[in-house]
Amino acid sequence: MDVDTRLLRYFAAIAEEGNLTRAAHRLFVSQPSLTKQLKHLESQLGVRLFVRSSTGMTLTEAGHALAVRVPPVLADWDAAVRETRSAARVLRVGFLASSANEAAKDIAEAFARRRPGWRVDLQQSSWSDPTAGLATAEVPVALLRLPFPGQELFNARPLFDEPRSVALPATHRLAGRAEIAFPELWDEPVVVTTALKGTWREHWLALSERDGHKVRVGAVIEQQEEFLNAVADGRGVALVPACMTDFYPWPGVVYVPVSGVRPTEVAVAWLPDVGDVAADFVRCCLDVMQSRRTGCGTRSD
């Protein structure tokens, strides 16, 4: 019988957290989706793995047996993947949309010079996973934005700061402004993604800069296209990286710089004990950003 390793990772997270909601947050999936995947795994194995109660998820005897075996299986599989890619001289790098800007080409070229015969395989992650694949070990290193959920579990180095803008419907009363002070947006409904939790939510809703004003949610979406369409349709506004203006033009959406909010940071992050190859990529990121100004921000000291 073949079992998808993703199902095993989901099972391991539920077993460790003892709670579906916490496990879903950790994995950046919806709780209904996680429940569906758990049922799929139980169906494949033909056993019940958890008993759900008011206190959370308790492993059955069969679940306990699997929970003992899964971590070393996943560790061995991850090691096999790393060794296979190393033999092929391919470094898989995750990135979030707008985090891998034009600097990514320079970084990849610097890495190729440092590691002759190697190449970088950039893997774009959906907005639903702010770790860009690190949380599920799909990639060993990623270009992403700080702060991100679970950041304390990984290594991270800032690369540059970037101002924030607001995405507005083209018909919005403030759409023609050259700049908008953040207090002018406090009472506007906002478009949020399902991944907005913890420090990620605090940063992108600028909660510390709202002077106690509560957030009014206009729409909750999962994908980038849905996000932009929700803004264009007038269901809300959203703080975004300033480079969205250049990289993501969208019919019915305008981007206006916002004052009174902290900038966002682009960073390189990597798994602990990731090895020399990924460490060389990190060094290339830092070296490139020391020697140039990007079109999407300025270098962070």
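Everything quoted here is computed from the prediction, not taken from an experiment.

Caption draft 1: Spatial organisation of the overall build of the protein. The helix and strand inventory of the protein stands at 9 helices and 14 strands. Taken over the C-alpha trace, the protein has a radius of gyration of 21 Å; the compact-globule value for 301 residues is 19 Å, and the two agree within 12%. Put simply, 75% of the contacts in the protein that link residues at least 6 apart link residues at least 24 apart. Carbon and sulfur atoms form 50% of the exposed surface of the protein, whose accessible area is close to 14,800 Å².

Caption draft 2: Fine view of the sheet that holds strand β11 (residues 238-241). Within the open sheet, the 4 strands sit side by side as β8-β12-β7-β11. Their pairing is mixed. The open sheet is flanked by β8 (180-181) and β11, the only strands paired with a single partner. In terms of strand pairing, strand β7 (residues 164-169) meets β11 through 4 bridges, oriented antiparallel. By the bridge assignment, Ser165 is partnered in β11 with Val240.

Caption draft 3: Structural context of the pairing of strand β9 (residues 189-193). The buried fraction of β9 amounts to 5 of the 5 residues, a majority that puts the element mostly inside the structure. Along β9, one buried face is formed by Pro189, Val191 and Thr193 and the opposite face, lined by Val190 and Val192, is buried too. Pairing geometry for β9 and strand β10 (residues 216-221), over 5 bridges, is parallel. What sits directly across from Val192, in β10, is Val220.

Caption draft 4: Examining the packing of helix α1 (residues 5-17) against helix α2 (residues 20-27) more closely. Running from N to C, α1 and α2 point in directions that differ by 130°, and their axes come no closer than 8 Å. Judged on the interaxial angle alone, α2 and α1 are oblique. Pair α1 / α2 crosses with right-handed handedness. Note on element contacts: α2 touches α1 through Leu20, Arg22, Ala23, Arg26 and Leu27, opposite Tyr10, Ala13, Ile14, Glu16 and Glu17. In the contact of α1 with α2, the residues fall into 6 nonpolar, no polar and 4 charged.

Caption draft 5: Fine view of helix α9 (residues 276-291). Taking 1.5 Å per residue as the helical rise, α9 with its 16 residues ought to reach 22 Å, and the 23 Å between its terminal C-alpha atoms agrees with that figure. Among the residues making up α9, those that are buried are Val277, Ala278, Asp280, Phe281, Val282, Cys284, Cys285, Leu286, Val288 and Met289.

Caption draft 6: Layout of the environment of Arg145. Mapped onto the secondary structure, Arg145 falls in strand β5 (residues 141-146). For Arg145, a relative accessible area of 3% corresponds to the buried category. The spatial distance from the C-alpha of Arg145 to the C-alpha of Thr264 is 7.0 Å, given a sequence separation of 119 residues. For Arg145, the residues in contact, after removing those within four places along its chain, are Leu96, Ser98, Ser99, Glu162, Trp200, Trp204, Pro241, Cys243, Thr264, Glu265 and Val266.

Caption draft 7: Region of interest: the side chain of Glu188. Relative to the assigned elements, Glu188 resides in the loop between β8 and β9. For Glu188, a relative accessible area of 13% gives the class buried. Within the structure, Glu188 has its side chain in polar contact with the side chain of His172 (distance 3.1 Å). Only 3.1 Å separates the side chain of Glu188 from the side chain of Arg173, close enough to count as a polar contact. Ignoring anything within four residues of it in the chain, the contact list for Glu188 reads His172, Arg173, Arg216 and Val237.

Caption draft 8: Spatial organisation of helix α4 (residues 61-88). Taking 1.5 Å of rise per residue, 28 residues should cover 40 Å, and α4 covers 41 Å from first to last C-alpha, within 8% of that figure. Where α4 bends most, at Val70, the angle is about 30°, and the proline Pro71 comes one to four residues later. Taken residue by residue, α4 has Gly63, Leu66, Val70, Leu74 and Asp78 as its buried positions. Its buried side turned inward, α4 meets α1, α3 (31-45) and β2 (56-59). Taken from the residues just after α4, Arg89 is the one with a positive phi, measuring 60°.

Caption draft 9: How the structure looks around the nonpolar core. Of all hydrophobic cores here, the largest spans 56 residues; its most connected members are Val141, Leu144, Leu159, Val166, Val268 and Phe281. In terms of nonpolar packing, the next biggest core, distinct from the first, is built from 22 residues, Ala12, Leu27, Leu38 and Met57 among them.

Caption draft 10: Molecular detail of the confidence of the model for the protein. Looking at the protein as a whole, the pLDDT averages 88, with 95% of positions reaching at least 70. Looking at the elements of the protein, mean pLDDT is at its lowest for strand β14 (residues 298-299), recorded as 42, and at its highest for β8, recorded as 98. Confidence drops under a pLDDT of 50 for residues 294-301, and excluding neighbours within four residues, the segment shows 30 contacts in the predicted structure.

Reading the values: rules and limits
- Residues numbered from 1 in each chain as written.
- Predicted model: local features only at pLDDT ≥ 70, side-chain atom pairs only at ≥ 80, totals over all residues.
- Heavy atoms only, no water.
- Helix = DSSP H or I, 4+ residues; strand = E, 2+ residues; numbered from the N terminus.
- Rg over C-alpha atoms; globule rule 2.2 N^0.38 Å.
- Contact = heavy atoms within 4.5 Å.
- Areas by Shrake-Rupley, 256 points an atom, 1.4 Å probe, with all protein chains shown as cover.
- Pairing = 2+ DSSP bridges.
- Buried < 20%, exposed > 50% of the residue type's maximum accessible area, 1.4 Å probe, protein only.
- Axes fitted to C-alpha atoms, helices over the stretch in contact; angles between N-to-C directions.
- Parallel < 35°, antiparallel > 145°, perpendicular 65-115°, else oblique.
- Left-handed = near helix turned anticlockwise from the far one by under 90°.
- Nonpolar A, V, L, I, M, F, W, Y, C, P; charged D, E, K, R; others polar.
- Expected span 1.5 Å × (residues − 1).
- Polar contact = N/O pair within 3.5 Å; in protein donor to acceptor, adjacent residues only side chain to side chain.
- Bend = angle between axes of the 7 residues up to and from the residue.
- Core = buried A, V, L, I, M, F, W, Y, C linked by side-chain atoms within 4.5 Å.
- pLDDT = per-residue confidence, 0-100.

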